[in-house]
Amino acid sequence: MPRNHTAARGESVESVAYAYGLFWETVWDDPGNAALREERAEPNVLAPGDVLAVPDLRPKEVEAATGRRHVFRRRGVPSVLRVRLLEGSAPRAGLAYTVDAGGRTTQGTTDADGWVEAWLMPDAQSGELRIDATGETYPFTVGTVSPVGTPLGVQTRLRNLGYLAGRAGSTLGPRAVEALRAFQRARDLPASGEPDEATLAALVDAHGS
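Predicted model only: the values in this text are computed from it and were never measured.

Colleague: Would you mind going over the pairing of strand S10 (residues 137-141) with me for this structure?
Modeller: One face of the sheet, then the other: side chains in a regular strand alternate in exactly this way. Where strand S9 (residues 126-131) lies against S10, five bridges are found, and the strand directions are antiparallel. If you follow Gly 127 over to S10, its bridge partner there is Phe 140. Between the antiparallel neighbours S9 and S10 lie five residues, among them Gly 135 with a positive phi of about 80°.

Colleague: Looking at this model, I keep getting lost on the nonpolar core. Mind explaining?
Modeller: Nonpolar side chains in soluble globular proteins tend to end up buried together. Counting 13 residues, the largest nonpolar core has Leu 85, Tyr 97, Val 99, Val 116, Leu 120, Leu 129 and Phe 140 as its most contacted members. Within the residue set of this core, elements represented by two or more residues are strand S6 (96-101), strand S8 (115-120) and S9. The residues touching Val 99, leaving out its near neighbours within four places in the chain, are Leu 81, Arg 104, Thr 105, Thr 106, Val 116, Ala 118, Leu 120, Glu 128, Leu 129 and Phe 140.

Colleague: Mind showing me how you'd approach the pattern of salt bridges here?
Modeller: When their charged atoms lie close together, side chains carrying opposite charge are able to pair. Applying the stated criterion to the full structure yields eight salt bridges. In this structure, the salt-bridge partner of Arg 3 is Asp 56, at a minimum N-O distance of 3.5 Å. Highlighted residues: Arg 3 in strand S1 (residues 3-6) and Asp 56 in the loop between strand S2 (51-54) and strand S3 (79-84), separated in sequence by 53 residues. In this structure, the salt-bridge partner of Glu 178 is Arg 181, at a minimum N-O distance of 2.6 Å. You can see Glu 178 and its partner Arg 181 sitting in helix H5 (residues 174-186), three residues apart, about one turn around the helix. We classify Arg 181 as partly exposed; its relative accessible area is 25%.

Conventions we followed
- Residues numbered from 1 in each chain as written.
- Predicted model: local features only at pLDDT ≥ 70, side-chain atom pairs only at ≥ 80, totals over all residues.
- Heavy atoms only, no water.
- Pairing = 2+ DSSP bridges.
- Helix = DSSP H or I, 4+ residues; strand = E, 2+ residues; numbered from the N terminus.
- Core = buried A, V, L, I, M, F, W, Y, C linked by side-chain atoms within 4.5 Å.
- Buried < 20%, exposed > 50% of the residue type's maximum accessible area, 1.4 Å probe, protein only.
- Contact = heavy atoms within 4.5 Å.
- Salt bridge = Lys/Arg side-chain N within 4 Å of Asp/Glu carboxyl O.

Put into structure tokens, the structure is as follows:
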């Protein structure tokens, strides 16, 4: 029987699907999630309390000879961590980095626009990014960004982009409004301090999700 899963903070469609042994597309595209798809638009960000319809696993039959040892591998696609490194507004290109998360280590070099791309398993919740040449370390958590249309989602993105310090709250207080105005000015938007449609789109674009 299909079941409902209530999302907790830090969960995404990918992590929920992985826990149930499914591909994220199978869960996200299920007809029972039509309303959620309309509300959230993309699967990487869920709000605590969002309810996902999780379909049943589909049985698969495989022919195998008796009396022999057989290995069956679970198919799956790791998630991608994308982080952009900047010095002011200039990309930090060509930096060798190491990412440790969920027992997995990935090494690479930032591209011309300063982007780090590392494969993570969908159930990874935290990790550390190290810049090899300088010894800089950046701890990070995975899946803790709320939908951009929520006050928490706006503040988390502003904090990650360097416009807001401290913890994000459940409402947009004076500090958050000033941070939003600073972001709007930087993006050549009217500095209203309001999270209007254009500002939310710019936040998603700047943040990457």
